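Residues per chain, in single letters:
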Amino acid sequence: MKKRWGFCLAAAVAAVGMLCMASGLAAQESGSQPAQPAKSKQQALPPGGPAPRAADGHPDLSGVWFGGTAGGFTYNPALRRQFDAKAEEAPQFQPSAAAKIKAMTQTDYELGRASVNCLPRGVPGMFLINPYPFQIVQTPGLFVQLDELNNNFRVVHTDGRAHNPDPDPAFDGDEVAHWDGDTLVIDTISIDERTWNNFTGWFHSDQEHVIERVTRPSLNYLTVQVTIEDPKVLAKPWTSTPRVWTLGHEDLLEYYCTNNQEVEQYKALKDKESGGKK
Amino acid sequence: MNARVIGWIPAIGLAVGVLCLVPAPAGAQTKSGNDNKSVTVGYGLDKDQPFAGADPDGTGLPWKEPPAAEIEAAKKAPTPHLADGHPDLTGFWAPAGWGYAVTQGGVTADGKTRYTQRAAEGPAQSVDKKRELKNRLEGANLPPYKPEFVEKVKYLGEHQSHEDPAFKCAPKGFPRVGPPTEIVQVPKETVFLYDTVNSSEQNAFRIVSTDGRGHDQSLNPSFYGDSVGHWEGDTMVIDVTNFVDDTWLSQNGAIHSDAMHVVEKLTREGNVIDWVISIEDTKMFTRPWVIERHLIHGLQSGHALEEAPCVEHDYSHLVNDDRN
Amino acid sequence: MTRKPLSALVVMAVALVAAIPVLAHHSVTAEFDSSKAFTVKATITKIEWVNPHTYIYADVKDENGTVTPYSFEGGPPGALRRSGVIKTMFNVGDVVTIEAYIAKDGSKHLGLLHAVHFADGHQIFFGRPEDSEGKN
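**Q** When you look at the confidence of the model for chain A in this model, what are you seeing that I'm missing?
**A** Close reading of the predicted structure is inappropriate where its pLDDT is low. For chain A, the mean per-residue pLDDT works out to 84, and 81% of the residues sit at or above 70. Every residue in residues 1–40 of chain A is under pLDDT 50, and counting partners more than four places away or in other chains gives 34 contacts.

Below, the structure written as structure tokens:
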């Protein structure tokens, strides 16, 4: 059908666009500036007062959250910054994992991105490596996270229940949560092996155990701190510095990834790069 | 979820086989916190609960209507309400008979042999299957196309395996995704969560604003449209516009134009939601296409299972137009 | 492990008959012939747990030591899960005997999964016991 070629072109353009945007983001984290549109008047949001409280007394984490301090989309790298890269420890990999990552190419990195391969970003990618906003809907007993990226969602019980004794791997894993004072602690295991924890090849094993600590210190700010344990891939557990999100006043947009119609093209790209061998 | 069409005799045999092999699930009827103690509701995806549904008005759609007796029984439960007095639509509504039927799989007593119980297709499509597919295209409540579109829709429906965008991992979109799997309702908006059943959009959501706003004209057309909702008495009325035009409304080649406009209504009574959609398309339809289904509340702890991502491998190997 | 009451048996039978397949993809008969099976011994090299079909990729080594990669198609992840089959039941490196149905377009190294027999004697059938008898 004729739409197929349209999709083909669109996907190719989208892929190139994604690659450009992706490299722009990567460049941003390493300090260089991507080209910007006309001047931005945005500035870092003030705290805005205390966080609203749910009926049960816990902070209400509900809201549309944008990464960084602008409370909205911005090209300004200072406002996009979610954490102090210098203060955050680097993951310490097991030698076998380090070797595998070292052997990866730039194409491998691109093919590992959710926005290119159309896989869900999963846990904890949604908090660690996600330039798109998400919306939290908190009800008594439930934490619902709606992700603009690939339009996925997760539903987490917050009543302190135990893990499923026999979970199936899932991109959002088997997740349970409880409140520790004003912090929601989300504990996740059984994460689908296709997720990555950074944009440069940090894969994980079936032993990965993720703890996300989410809190809302003020009206306008959400902080998330992530700990990853993975004895097969990491030499020791890794904990992020607190990552910052700010409250937006706009709705999520629809985002469906349809690049997955052209899987064969990506494979060909990869084969070409590796000189025909897999 | 993916029960296959099979004749009566093998069905009974299959049922017996399943019953003999499938261990009864522990706590299948957990009623933790569930007000309703007298109605057996078991539309949980994780539990071995049978679900019988049908397409009573001949829409050709896979969203099943539960048996009337089950609907009546489930209506008798108390209706939860929000603080503002409106019915609370929150809950797990089990995808209205997408086929989340009994887990068919089985394991032998020694644990060594596992069967999925999927019936073999044989070398070619069975007569029964062909008849069922024909019925799907001849129901009483099919989309009311203008005469100039009928041939094209028929062609697309018959050649679905080559023409359906969803087969190539394009999102199904709304309303093809059907009724919501799960609803989370908060004061200013209602969130619909979907298990899209093998579709490329995996687990999709829709946010329906209920704070009185109108449509946002600046939005791009989308697969799920732009939804605004308001209450009319005890019915949530959702107006959905601004769709892309390259999705289908069903597996039967039901195309639509960019003029599509959907009004979706939900009315909760007890543990039942009466779900009605009216699909208007002034360019392609002679009148609105109205579909009604009843959703029955599932188990307390039920949620949409995470759906896997889509990768297309089959297209180049298809040798005929056999449909599923 | 309790037996279900008779009424449940009847309901279940009705359920199975009335349910219509809702798979969002083409028919099996458009691609495979389930009356013709082949069997190979293979080592699993990759498992792709995706919609609309899961795939198990495996290398088959012949008497001369020549290795040929095969692709085997399974059901959708959701359907398999609800039938009690999950991804972690298969692992890269598993040496298995696979029974599969042939591809109608003549692709020699593509098949529809019918059964996977593992080295320790356990097995998974992507079908019913009665379909397995004498199907080879």
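**Q** In this structure, what is going on with the confidence of the model for chain C? I would like to understand it.
**A** Across chain C, the average pLDDT comes to 80, with 77% of residues at or above 70. Low confidence marks residues 1–23 of chain C, where pLDDT is under 50. Its contacts with residues over four positions away, or in another chain, come to 58 contacts.

**Q** Hey, could you run me through the environment of K134 of chain B in this one?
**A** Residue and element names in this part refer to chain B. Its location among the elements puts K134 in helix α3 (residues 127–136). For K134, a count of 10 C-beta atoms within 10 Å corresponds to the exposed category. With 31 residues separating them in the primary sequence, K134 and P165 have C-alpha atoms 21 Å apart.

**Q** Would you take a moment to explain the environment of Q251 of chain B for this structure?
**A** Residue and element names in this part refer to chain B. For Q251, the location among the structural elements is in the loop between β8 (235–241) and β9 (261–269). The class for Q251 is buried, based on 26 C-beta atoms found within 10 Å. Through-space distance from the C-alpha of Q251 to that of F149 is 16 Å; in sequence the pair is 102 residues apart.

**Q** Explain unusual backbone geometry here, please?
**A** Excluding glycine, residues mostly carry a negative phi; peptide bonds, for their part, are mostly trans. In this chain, V123 of chain A is followed by P124 of chain A through a cis amide linkage whose omega measures -5°. Summarising the element assignment, P124 of chain A is placed in the loop between α5 (114–117) and α6 (125–128). Residue P175 of chain B follows F174 of chain B across a cis peptide bond; omega there is 5°. With respect to the helices, strands and loops of the structure, P175 of chain B is situated in the loop between α5 (160–163) and β4 (182–186). Backbone geometry at N150 of chain A places phi at a positive 60°, although glycine is not the residue there.

**Q** Is there a simple way to explain the environment of G106 of chain C in this structure?
**A** Here G106 of chain C lies in the loop between β4 (95–103) and β5 (110–118). With 59 residues separating them along the chain, G106 of chain C and I47 of chain C place their C-alpha atoms 23 Å apart.

**Q** Just to check I follow, could you spell out the pairing of strand β5 (residues 174–180) of chain A for this structure?
**A** A regular strand carries its side chains on alternate faces of the sheet. Residues and elements named next belong to chain A. Note that β5 and strand β6 (residues 183–189) share seven bridges and pair antiparallel. Each bridged residue has a counterpart across the sheet, and for H178 the counterpart in β6 is V185. Hairpin connection from β5 to β6: two residues lie between these consecutive antiparallel strands, with G181 at a positive phi of about 65°.

**Q** Sorry, what's going on with the nonpolar core here?
**A** Nonpolar side chains in soluble globular proteins generally cluster together in the buried interior. Membership of the largest hydrophobic core comes to 119 residues, with the highest contact counts inside it found for V144 and L146 of chain A together with V191, L193 and F205 of chain B. Of the residues forming this core, the biggest block, six residues, is contributed by β4 of chain C. L149, A170, F171 and C257 of chain A belong to the second-largest nonpolar core, a separate cluster that totals seven residues.

**Q** Would you mind showing me how to read the pairing of β8 of chain B here?
**A** Residues and elements named next belong to chain B. Across the two faces of β8 the burial differs, with M236, I238 and V240 buried and T235, V237, D239 and T241 not buried at all. The pairing of strand β7 (residues 226–232) with β8 spans seven bridges and is classified as antiparallel. Each residue of the ladder has a partner; that of W231, found in β8, is M236. Between the antiparallel neighbours β7 and β8 lie two residues, among them G233 with a positive phi of about 65°.

About the thresholds
- Residues numbered from 1 in each chain as written.
- Chains lettered and ligands numbered in written order.
- Predicted model: local features only at pLDDT ≥ 70, side-chain atom pairs only at ≥ 80, totals over all residues.
- pLDDT = per-residue confidence, 0-100.
- Contact = placed C-beta atoms within 7 Å.
- Helix = DSSP H or I, 4+ residues; strand = E, 2+ residues; numbered from the N terminus.
- Buried ≥ 20, exposed ≤ 12 C-beta atoms within 10 Å, placed from the backbone.
- Pairing = 2+ DSSP bridges.
- Core = buried A, V, L, I, M, F, W, Y, C linked by C-beta atoms within 7 Å.

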